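What follows is the residue order along each chain.
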Amino acid sequence: MNSPSTSPRAFRLIVTGGGTGGHTYPALTAIRTLRERLAGDGRSLDVLWIGTPDGLEARVAPAEGIAFATVATGKIRRSSNPLKMLSPANARDMARVPLGVAQARKIIAEFRPDVVLATGGYVAVPAGLGARLCRRPLVLHEQTVRLGLANRKLAGSATTIAVSSESTLALLPEPVRGAAVVTGNPVRPDVLSGHPDKAVEALGLTAFDRRLPTVYVTGGAQGSQQINGVVRDALPWLLERANVVHQCGPANEEELRRHVAGLPAELASRYHLAGFVGAELPDVLALADVVVSRSGAGTLAELTALGKPAVFIPLATSAGNEQAHNARHLAEAGAALALLGEVTEATLREAVGPLLTDPGRRNAMAERARAHGRPDAAARLVDVILSAASG
């Protein structure tokens, strides 16, 4: 007669959120970290991700071997004009939310998760409300300084609200402030383990003058025409003072290569252009002395965890103007520079110039950035998930 199994029961987690990398990758990092933590205790992890069929999470979850389900969602098209918020498209989408809640409730009731983790994006609303209806612990994670729209809707239903910044606490509504804990925004471990010499080797940067600082310019995976334009105009000045690795986005690469062809050979040798930077990113960040970039939540988390001086050019059309809030928050602490409003070659030179010529200024900003970084954010978020399950 076989004796009953004494192996620990698998921890069951539902993750919801996505649409963009800012909501998707923190969730993925948390899943990986939780799986490692449980494995150390001899336990396994069963995960189900509730997302949208056309969001980034629909590709990321299956690629990670995570079961994936979709529910009906309603996307609010924002406008500064309240009357425009009452558009027919918004009305149609909002009518879909009750269906999504019913679908999410059924999924959650059948899966019986120990915890539901919501990382934002409009798909998180029906799943978060479904968790409340099923009386399952709900952990929210907010990546930005201010709560995003989905997390604001769910805050009253949450067991715990994990935020990325101390300054978020004062911005929370008083009734939910007691449920908040500062974890930081999870950063992929590989981002923290880069090496400068590996970047030089992988990208063939042998002509770089290592006596000069190196600037990494990025506008995200698709590039930024705004950043590309001001950097292109400033290149002769910039390359006299620094090496530059420029991730420009695939659509902008050819035009920039034509422009660089007209530069003096000595300057051009200190410039590396790439449509996309993939596996080399941790090494490129390790090489960089200054970063010029957008100010999405994931970027801020990585650069502060690494302690990198940065000049942020926020995306003006980001939801709720969150990139400007993110950049301003660090700039006010002296942990970065933020170029708000119109950005020109002159404003870029004014911001970058002192950082290139004064190592002391760079080091001071790096220390202030590092003070805002939380490289252990994924482990802290896992602590919150496990605590919610046992509470």
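Please read these numbers as outputs of a predicted model, since none were measured by experiment.

(A) Representation of the packing of helix α15 (residues 345-357) against helix α16 (residues 359-372) in the model. Taken N-terminus to C-terminus, the directions of α15 and α16 make an angle of 105°; their axes are 5 Å apart at the nearest point. The angle between the axes of α15 and α16 places the two elements in the roughly perpendicular class. Note on element contacts: α16 touches α15 through P359, R361, R362 and M365, opposite P354, L355, L356 and T357.

(B) Spotlight on the pattern of salt bridges. Applying the stated rule across the entire model yields 19 salt bridges. The partner of R380 in a salt bridge is D376, and the shortest N-O contact between them spans 3.1 Å.

(C) Spotlight on the environment of L13. Looking at the secondary structure, you find L13 in strand β1 (residues 11-16). Judged by relative accessible area, which is 1%, L13 ranks as buried. C-alpha of L13 to C-alpha of L45: the two residues are 32 residues apart in sequence and 7.4 Å apart in space. Those residues in contact with L13, other than ones at most four positions away along the chain, are I31, L34, L45, D46, V47, L48, F111, P113, V115, L117 and I385.

(D) Quick peek at the nonpolar core. Of all hydrophobic cores here, the largest spans 31 residues; its most connected members are V215, V292 and L348. Of all the elements in the fold, those that place two or more residues in this core are β8 (214-218), α9 (225-239), α10 (253-260), β10 (271-274), β11 (290-293) and α15. For this core, the element with the highest residue contribution is α9, accounting for 8 residues. Setting aside anything within four residues of it in sequence, one finds L348 in contact with V230, V231, A234, V292, L339 and G353. The next biggest cluster of nonpolar side chains, apart from the first, holds 29 residues, and it includes A199, L203, V291 and L330.

(E) Molecular detail of the sheet that holds strand β4 (residues 115-118). The 7 strands are arranged β3-β2-β1-β4-β5-β6-β7 in an open sheet whose pairing can be described as parallel. Each edge of the sheet is formed by a strand with only one pairing partner; in this case those strands are β3 (67-70) and β7 (180-182). Neighbour-to-neighbour, the strand axes of the sheet open up by a mean angle of 25°, direction not taken into account. Where strand β2 (residues 45-51) lies against β3, 4 bridges are found, and the strand directions are parallel. Its bridge partner being in β3, L48 is matched across the sheet by A67.

(F) Main features of α16. In this model α16 runs 20 Å from its N-terminal to its C-terminal C-alpha over 14 residues, within 8% of the 20 Å that 1.5 Å per residue would give. Close packing links the buried residues of α16 with β11, α13 (297-306), β12 (310-312), β13 (337-338) and α15. For α16, the N-terminal cap is D358; the gap from its side-chain oxygen to the backbone nitrogen of G360 is 3.0 Å.

(G) Structural context of the side chain of T218. When you line up the elements, T218 lands in strand β8. Polar side-chain contacts of T218 include one of 2.6 Å to the side chain of Q247. Setting aside residues up to four positions removed in sequence, T218 forms contacts with I227, Q247, V292, S293 and R294.

(H) Up close: the environment of V343. Among the structural elements, V343 can be located in the loop between β13 and α15. In this structure the C-alpha to C-alpha distance between V343 and L239, which are 104 residues apart in sequence, comes to 19 Å. Apart from residues no more than four positions distant in its own chain, V343 is found in contact with Q226, V230 and I313.

(I) Local environment of the sheet that holds β8. Read across the sheet, 6 strands follow the order β10-β9-β8-β11-β12-β13 without closing on themselves; strand pairing throughout is parallel. Every other strand in the sheet has two partners, leaving β10 and β13 as the edge strands with one partner each. Bridge count for β12 against β13 is 2 bridges, and the pairing is parallel. Considered in β13, the bridge of V311 is made with L337. Lying over the sheet, α10 contacts β9 (243-247) and β10, oriented at roughly 160° with respect to β10.

(J) Representation of unusual backbone geometry within the structure. A positive phi is found at R112, a non-glycine position, where the angle reads about 55°. With respect to the helices, strands and loops of the structure, R112 is situated in the loop between α4 (88-111) and β4. You can call R112 exposed: its relative accessible area is 55%. At R135, a residue that is not glycine, the phi angle is positive and equals roughly 55°.

Procedures and definitions
Residues numbered from 1 in each chain as written. Predicted model: local features only at pLDDT ≥ 70, side-chain atom pairs only at ≥ 80, totals over all residues. Heavy atoms only, no water. Axes fitted to C-alpha atoms, helices over the stretch in contact; angles between N-to-C directions. Helix = DSSP H or I, 4+ residues; strand = E, 2+ residues; numbered from the N terminus. Parallel < 35°, antiparallel > 145°, perpendicular 65-115°, else oblique. Contact = heavy atoms within 4.5 Å. Salt bridge = Lys/Arg side-chain N within 4 Å of Asp/Glu carboxyl O. Buried < 20%, exposed > 50% of the residue type's maximum accessible area, 1.4 Å probe, protein only. Core = buried A, V, L, I, M, F, W, Y, C linked by side-chain atoms within 4.5 Å. Pairing = 2+ DSSP bridges. Expected span 1.5 Å × (residues − 1). Polar contact = N/O pair within 3.5 Å; in protein donor to acceptor, adjacent residues only side chain to side chain.

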